[in-house]
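Close look at the chain arrangement
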Amino acid sequence: MGGGTRSLLLRALAFTLVLELLLVPAVLFWPNFRDNLDALRGLMPFQAAREMLEQFGSAGAAGYICGQQFFKACNTLGIAAAVLFAAGAVAGEAHRGTLEIWLARPLTRRRLLLERWLSGALAVALPVFLSSATIPWLAGFVEERVALEAMLLCAAHESTLLLAFYSATFFFSTLGSNPLGIGFAMLLFSIFQFAIYLIEKATHYSLFRLADIPTFIEICDSRSLDVSIVLPLLGASAVFVVASVLAFERRVP
Amino acid sequence: MLSRSMDAAASTPKQGMIRVRGLTRRFGSVTALSPIEFDVGPGGVTALLGPNGSGKSTLLRCMVGLVRPDSGSASIDGVALSGDGTAVRKRCCFAPGEISLYKEMRGREHLEWLLRGRERESRARAVQLADAMGLPLSARVRAYSHGMKRQLLFAAVMAPRVAVRILDEPSEGLDPSKRGAILDIVESDARSGTTILLSSHHLGEVDRVSSRMLFLHQGRLVRSEDSAGVRAQAARTLRLDFGSQLELPANASRVCSTLLRLGAKSALTRGQRAIVQLEQADPRPFLGALAAEASLPAPQGIEYGQLSLSELYHDVYGVEAV
């Protein structure tokens, strides 16, 4: 097993475990949450949080679980993982001084870069699908029924957002030599996006509007992806990948 | 020598040849390579010499496509450099000078990683070579010393069956015995017909293995010498030891002008010695005139027919070589 494959498997496994560890208690907490929704609503300090609770309550278990898995866990830890996996993709090689031997082999730069992009993209997206696939089984423990198809569609939608963040970070990695700086900058950007999501007047400018609770509830209800969101996100990823390839072709080790 | 290279431009490059034509590269306002032209091979060891920052590594990186030249062309083993240089790198092996390996990999695993894209048999040869050098291939690379990492990279570069190898400082950081072993392998490989271009700061090793030397200075190829040329130059080189009398600048200047009057092509002083270049290989007419010259002190010693690479280096760069 090559170093790259092993690294991919380890990263994917670690991310899957983290998502699952967050998912299990969240699902098992559903009955308590449902029974104490009114009391919880009173505890919420601001309007956006109260609205979020309303959405959980009105959509039942599926809405609550989507909120926990996709809006809470994937939009925060998922983006952190995407940024972490992408920031070191090329900048990490330059930082360690291994860029030259990586490029000195008789393999095209395009191939090397796309292999690396793909392995990281799989390590970001696969755990989202794998952990989401366990939701129907976990929901059975709290006597709820959640459709596997709906969860996989939500996972596909979430993955497009994560891939956009991943590809953007990957692009900056092909230009830079400081993976830590690139990672911090992207994390700060995502925190800023999350912060403005919670501000009533600025929320429409947040990228998290593309993957929030109402979006996932809509996917569950319609059992289809919202192409008006998914296609632009995939397009953004494609643009960043093409830009990465072009930048990498001229990169000096 | 350079004109000979220009003549060769008209011919098509042969198998195992390295051909560089008008290669230039700038980094911002810094000119790393001015137009450089030379042919190397087929076969033999050619050394690329020059002080730090002379452009050796940039030249080698440009030749294998790791750095895109601004203009000019290069071909290796009959394949022209284009795009990202993958076609050229398939025809040659390149060992970078700056060595950083993946510390988390084991030695054997790293060899396989380095040989990705090469023929399968090269892995067995690399392992054999690494074993012969005593490398612990089951240990992680983080446990390797600098010299062991250098040897691991060397084993990976020498294993594939290619017509050309380009080695940037292959023995840097090795102790003398390990350096000797590596040079034995380089020599043996060159004897089997491989063209080897190596850059080095160690004049001793260059002296030992190379049949030709390319001198780079401030991004320009300032001189190209083969071993026959060095021998011919040595046959015209005379060293006269005048003792402490030469240490006074006025005396040194007077001695030089007298030596030139006696028929020397050039004369300079270094320490207590005057170094004279003669027009012809036979020193007897000049020595006869020197013996008859009453204005010069009698030399305390005379050396003839010796020219070390460090003197050649001094001659080219005007500084003492390492």
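Above: the structure in question.
Structure report, in brief.

So, how was this worked out
- Residues numbered from 1 in each chain as written.
- Chains lettered and ligands numbered in written order.
- Predicted model: local features only at pLDDT ≥ 70, side-chain atom pairs only at ≥ 80, totals over all residues.
- Heavy atoms only, no water.
- Helix = DSSP H or I, 4+ residues; strand = E, 2+ residues; numbered from the N terminus.
- Buried < 20%, exposed > 50% of the residue type's maximum accessible area, 1.4 Å probe, protein only.
- Contact = heavy atoms within 4.5 Å.
- Areas by Shrake-Rupley, 256 points an atom, 1.4 Å probe, with all protein chains shown as cover.
- Lys, Arg positive; Asp, Glu negative; His and termini not counted.
- Charge placed at Lys NZ, Arg CZ, Asp CG, Glu CD.
- Rg over C-alpha atoms; globule rule 2.2 N^0.38 Å.
- Pairing = 2+ DSSP bridges.
- Axes fitted to C-alpha atoms, helices over the stretch in contact; angles between N-to-C directions.
- Polar contact = N/O pair within 3.5 Å; in protein donor to acceptor, adjacent residues only side chain to side chain.
- 1 Å grid on protein atoms, 1.4 Å probe; cavity = no way out; pocket = protein on both sides within 12 Å on 5 of 7 lines; lining within 4 Å.
- Points joined across faces, edges and corners; volume = space filled by probe spheres on them.
- Nonpolar A, V, L, I, M, F, W, Y, C, P; charged D, E, K, R; others polar.
- Phe/Tyr/Trp six-rings, centres within 6.5 Å; stacked < 30°, edge-to-face > 60°.
- Lys NZ or Arg CZ within 6 Å of the ring centre and 35° of its normal.
- Buried area = accessible area lost by both parts, 1.4 Å probe.
- Salt bridge = Lys/Arg side-chain N within 4 Å of Asp/Glu carboxyl O.

What follows covers the overall build of chain B. Check the secondary structure of chain B and you find 12 helices and 14 strands. Dimensions of chain B, computed from C-alpha atoms along their principal axes, come out at roughly 75 × 45 × 40 Å. Sorting the 322 residues of chain B into buried and exposed places 52% on the buried side. Within chain B, residue pairs in contact and separated by at least 24 positions form 68% of the contacts whose partners lie at least 6 positions apart. A total accessible area of about 14000 Å² is found for chain B, and carbon and sulfur atoms account for 51% of it. A gap of 5 Å separates the mean positions of the 42 positive and 33 negative side-chain charges of chain B.

Let us look at the overall build of chain A. Each helix and strand counted, chain A has 12 helices and zero strands in total. Each helix and strand of chain A, placed in order from N terminus to C terminus, yields the pattern α-α-α-α-α-α-α-α-α-α-α-α. Computed over its C-alpha atoms, the radius of gyration of chain A comes to 19 Å, within 12% of the 18 Å expected for a compact globule of 253 residues. The principal-axis extent of the C-alpha atoms belonging to chain A is close to 60 × 40 × 30 Å. Taking the intrachain contacts of chain A between residues at least 6 apart in sequence as the baseline, contacts between residues at least 24 apart amount to 78%. Summed over its atoms, the accessible surface of chain A is roughly 11600 Å², and 69% of this surface lies on carbon and sulfur atoms. The centroid of the 18 positive side-chain charges in chain A is displaced by 12 Å from the centroid of its 18 negative side-chain charges.

Paired through backbone hydrogen bonds, the strands of a sheet run either parallel or antiparallel to each other. All names here are of chain B. If you trace the six strands from one edge of the open sheet to the other, you get 6-7-8-3-9-10, paired in mixed fashion. On the outer flanks of this sheet lie strand 6 (92–95) and strand 10 (220–226), each paired with one strand and no other. Here the strands of the sheet are splayed against their neighbours by 15 degrees on average, with no regard to which way each runs. For strand 7 (residues 164–168) and strand 8 (residues 195–199), the ladder comprises five bridges, and the chain directions are parallel. Pairing of Ile166 across the sheet is with Leu197, part of strand 8. Against the sheet, helix 6 (residues 146–158) engages strand 6 and strand 7, with an angle of about 165 degrees to strand 7.

Structurally, the position occupied by Asp168 of chain B is in strand 7. Within polar-contact distance, the side chain of Asp168 of chain B engages the side chain of Ser57 of chain B at 2.7 Å.

The next point concerns unusual backbone geometry. With omega at 5 degrees, the peptide bond leading from Gly41 of chain B into Pro42 of chain B counts as cis. Relative to the helices and strands, Pro42 of chain B is located in the loop between strand 2 (30–40) and strand 3 (44–49). The phi dihedral of Arg223 of chain A falls on the positive side, at around 55 degrees, and the residue is not glycine. For Arg223 of chain A, the position within the fold is in the loop between helix 11 (213–222) and helix 12 (227–249). The exposure class assigned to Arg223 of chain A is partly exposed, which follows from its relative accessible area of 38%. One non-glycine residue, Glu169 of chain B, lies in positive phi territory at about 50 degrees. Structurally, Glu169 of chain B can be placed in the loop between strand 7 and helix 7 (176–191). The buried category is assigned to Glu169 of chain B, whose relative accessible area is 11%.

Moving on, we come to the layout of surface pockets. Residue and element names in this part refer to chain B. Counted as a void, the second largest pocket has a volume near 320 Å³. Lining the second largest pocket are 18 residues, and of these Gly53, Gly55, Lys56, Ser57 and Thr58 lie nearest its centre. The leading source of residues in the lining of the second largest pocket is helix 2 (residues 56–63), at four residues. Each residue belonging to the lining of the second largest pocket can be placed in one class, and the counts come to two nonpolar, 10 polar and six charged.

Moving on: the packing of aromatic side chains. All names here are of chain A. One pass over the full model with this rule turns up 16 aromatic pairs over all chains. Ring geometry for Phe165 versus Phe189: centroids 6.2 Å apart, planes at 45 degrees, classification tilted. Placement of Phe165 in helix 9 (residues 148–175) and of Phe189 in helix 10 (residues 179–197) is noted, with a sequence separation of 24 residues between them. The exposure class assigned to Phe189 is partly exposed, which follows from its relative accessible area of 35%. Between Phe171 and Phe172, the aromatic rings sit 5.4 Å apart at their centres with planes inclined by 55 degrees, giving tilted as the arrangement. A residue is classified by how much of its surface remains accessible, and Phe171, at 17% relative accessible area, is buried. Three or more aromatic residues joined by ring pairs make a cluster, and in this case those are Phe71, Phe165, Phe189, Phe194, Tyr197 and Phe208. Above the face of the Phe248 ring, Arg109 is positioned so that its terminal group lies 5.8 Å from the ring centre.

Looking now at the sheet that holds strand 4 (residues 71–76) of chain B. Residues and elements named next belong to chain B. Strand order in this open sheet of four strands is 2-1-4-5, and the pairing throughout is antiparallel. Two strands in the sheet have a free side with no partner beyond their single neighbour: strand 2 and strand 5 (79–80). Pairing analysis gives seven bridges linking strand 1 (residues 18–27) to strand 2, with the strands arranged antiparallel. Bridge pairing in strand 2 places Val20 opposite Phe38. Contacts from helix 2 reach strand 1, strand 2 and strand 4 within the one sheet, and its direction differs from that of strand 1 by about 115 degrees.

Chain A puts 26 residues into the contact, and the matching count from chain B is 25 residues. Between chain A and chain B, a total of about 2300 Å² is buried, with carbon and sulfur atoms accounting for 51% of that surface. Three residues stand out in chain A for area buried against chain B, namely Glu100, Ile101 and Pro106 of chain A, and they jointly supply 31% of the buried area on that side. Counting the contacts that link chain A with chain B gives three salt bridges. Among the ionic pairs, Arg116 of chain B bridges to Glu115 of chain A, the shortest N-O distance being 2.7 Å.

Once that is clear, we can look at helix 11 of chain A. When we look at burial in helix 11 of chain A, the residues that qualify are Ile213, Thr215, Phe216, Ile217, Ile219 and Cys220 of chain A. One or two residues past the end of helix 11 of chain A sits Arg223 of chain A, with phi positive at roughly 55 degrees.

Moving on to the environment of Ala292 of chain B. Note on placement: Ala292 of chain B falls in helix 11 (residues 284–292). Here Ala292 of chain B falls in the exposed class, since its relative accessible area comes to 64%.

Close approach of charged atoms lets side chains of opposite charge pair. Using the criterion set out here, one finds 24 salt bridges over all chains in the structure. Across the pair Glu100 of chain A and Arg61 of chain B runs a salt bridge, and its minimum N-O distance is 2.7 Å. Taken together, the residues Glu100 of chain A in helix 6 (residues 99–104) and Arg61 of chain B in helix 2 connect one chain to another. Among the residues examined, Glu100 of chain A registers a relative accessible area of 5% and is labelled buried. Look at Arg61 of chain B and you get buried, because its relative accessible area is 14%. Notably, a salt bridge pairs Asp189 of chain B with Arg165 of chain B, separated by 2.6 Å at the nearest N-O pair. Highlighted residues: Asp189 of chain B in helix 7 and Arg165 of chain B in strand 7, separated in sequence by 24 residues. By relative accessible area, Arg165 of chain B is classed as buried at 4%. One continuous salt-bridge network, built from bridges that share partners, spans Arg34, Asp35 and Glu144 of chain A.

By themselves, these observations are geometric and do not establish any function.
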